[in-house]
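Take a look at the letters that make up each chain.
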Amino acid sequence: MLLVLACLLVPIGTLSTWAKFEIGDSDRYVSTMAPLATQPDVRSAVADAVTDGIMKSVDVGPLRSTVEKYLHDAVVSFTDTTAFQKAWNTANRAAHDAVQQALDDGSTGPVTLDLAPVTEQVKQQLQDENVPFAGQIPVTYTEITLLSGGDLEALRGGFHLLQLAGIWPLLAALVCGAAGLALAARRRLAVAWTAVGLALGAGALLLALTIARALTLGDLPDSANGSDKAAAGAVYDALTSSMRVASWVIVAVGLVVALGAWVVGRRGRPGTGARVGTGARVGTGHQQPEADGTGHPFSRA
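Computed from a prediction, not measured in an experiment: that's the story for all the values here.

Here is what the cut-offs are and how they apply
- Residues numbered from 1 in each chain as written.
- Predicted model: local features only at pLDDT ≥ 70, side-chain atom pairs only at ≥ 80, totals over all residues.
- Heavy atoms only, no water.
- Core = buried A, V, L, I, M, F, W, Y, C linked by side-chain atoms within 4.5 Å.
- Buried < 20%, exposed > 50% of the residue type's maximum accessible area, 1.4 Å probe, protein only.
- Helix = DSSP H or I, 4+ residues; strand = E, 2+ residues; numbered from the N terminus.
- Contact = heavy atoms within 4.5 Å.
- Axes fitted to C-alpha atoms, helices over the stretch in contact; angles between N-to-C directions.
- Parallel < 35°, antiparallel > 145°, perpendicular 65-115°, else oblique.
- Left-handed = near helix turned anticlockwise from the far one by under 90°.
- Nonpolar A, V, L, I, M, F, W, Y, C, P; charged D, E, K, R; others polar.
- Lys, Arg positive; Asp, Glu negative; His and termini not counted.
- Salt bridge = Lys/Arg side-chain N within 4 Å of Asp/Glu carboxyl O.
- Polar contact = N/O pair within 3.5 Å; in protein donor to acceptor, adjacent residues only side chain to side chain.
- Phe/Tyr/Trp six-rings, centres within 6.5 Å; stacked < 30°, edge-to-face > 60°.
- pLDDT = per-residue confidence, 0-100.

A. Representation of the nonpolar core within the structure. Of all hydrophobic cores here, the largest spans 46 residues; its most connected members are Leu36, Val46, Trp88, Leu115, Val118 and Leu126. The greatest single-element share of this core, amounting to eight residues, is contributed by helix 3 (residues 40-55). Excluding its chain neighbours within four sequence positions, the residues that come into contact with leucine 36 are Val42, Trp88, Ala234, Val235 and Ala238.

Structure follows, in structure tokens:
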């Protein structure tokens, strides 16, 4: 029973540790999201969102398509700069605070990433280059949706409890596992089955993450070119990367330990003697006496 409990607690502990130290910590969240600033899908989504937000607020008459293309190219170019990385980190720190607050206080609206700092930087860059209409660009709230209201509702029930649990489920799993193995009558067999159970638990967590990814992206609104969903997928993968790596490590270690225990058990079995012909055994340590033609044993003088 203790070993079964340990196998159940490991995936729960992996999830709660991730919720506490990866999502709950603002600095770690920002550092996890920072590399996404160089991802093509994210850069494309940012460029689309900023361009659409600006074009809704300016009137350039028949030059609209030309200005829109030029503006989009300018935003894409800006996403390759250090200034964009700083603006991205600032926006993500604000988004983290919004996510955490929404989970804590029961907000029902979607959580979005505000791209106004990016718009402001692009506007300044275009003004420095003396681009026409640059001064008319409004710096308004422009967003990329990170979590829909439905996702928040689904997360709110258990996520706060996971953050409160933190590392304790993993420590409890360690104690239960050690106690269970110490009390096991057939320890090698207990080690093997516990390793298999841990691998199955971690595999179940990987499957749950895959299903959650599909459900999360499915709730997002469709954009014209699908860039929002692509960016949200990159965000989801980045945020769950450490949990997926830990789960794969548990699966691999569990299978290796189970295989090792099986091999040791096979080698440790006592061998059975193999018969040779009809009158002798190999490996018994006893030699049959010779027999005469009548079938009775005799000795020569």
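B. Focus on the environment of valine 50. Along the polypeptide, valine 50 turns up in helix 3. Ignoring anything within four residues of it in the chain, the contact list for valine 50 reads Val75, Leu115, Val118, Thr119 and Thr142.

C. Region of the structure containing the packing of helix 3 against helix 4 (residues 64-78). At a closest axis distance of 9 Å, the pairing of helix 3 and helix 4 adopts a crossing angle of 140°. Relative to helix 4, the element helix 3 lies oblique. Judged by the sense of rotation from one axis to the other, the crossing of helix 3 with helix 4 is right-handed. On helix 4, the residues touching Arg43, Val46, Ala47, Asp48, Val50, Thr51, Asp52, Ile54 and Met55 of helix 3 are Arg64, Val67, Glu68, Leu71, His72, Val75 and Val76. Across the contact of helix 3 with helix 4, the residue classes break down as nine nonpolar, two polar and five charged.

D. View of the side chain of threonine 14. As for its position among the elements, threonine 14 is in helix 1 (residues 2-23). Excluding its chain neighbours within four sequence positions, the residues that come into contact with threonine 14 are Leu170, Leu205, Met243, Ala246, Ser247 and Ile250.

E. Representation of the side chain of glutamate 22 in the model. Summarising the element assignment, glutamate 22 is placed in helix 1. Look at glutamate 22: it is buried, it has no salt bridge, and the nearest opposite charge is arginine 28 at 5.1 Å. Polar contacts involving the side chain of glutamate 22 include one to the side chain of threonine 32, which spans 2.7 Å. With residues near it in sequence (within four places) discarded, glutamate 22 still touches Thr17, Arg28, Tyr29, Thr32, Leu239 and Ser242.

F. Region of the structure containing the packing of aromatic side chains. For the structure shown, the criterion picks out two aromatic pairs. Ring centres of phenylalanine 78 and phenylalanine 84 lie 6.1 Å apart, and the angle between their planes is 75°; this geometry places the pair in the edge-to-face category. Across this residue pair, the class does not change: phenylalanine 78 and phenylalanine 84 are buried. Note on phenylalanine 84 and tryptophan 88: the rings are 6.1 Å apart at their centroids and 35° apart in plane angle, and the pair reads as tilted. One end of the pair, phenylalanine 84, and the other, tryptophan 88, are both in helix 5 (residues 82-105), four residues apart, so they sit about a helical turn from each other. Each member of the pair phenylalanine 84 and tryptophan 88 is classed as buried. Aromatic rings pair up to connect Phe78, Phe84 and Trp88 into one cluster.

G. The arrangement of the confidence of the model for the protein in detail. Across the protein, the average pLDDT comes to 78, with 76% of residues at or above 70. Taking the mean pLDDT of every element in the protein, the minimum, 45, falls on strand 3 (residues 274-276) and the maximum, 90, on helix 8 (residues 168-183). Every residue in residues 272-286 scores below 50 in pLDDT, and together they form eight contacts with partners more than four places removed in sequence or on other chains.

H. Broad picture of the environment of glycine 166. Looking at the secondary structure, you find glycine 166 in the loop between helix 7 (149-165) and helix 8. Note: C-alpha distance between glycine 166 and threonine 17 (149 residues apart in sequence) is 4.7 Å.

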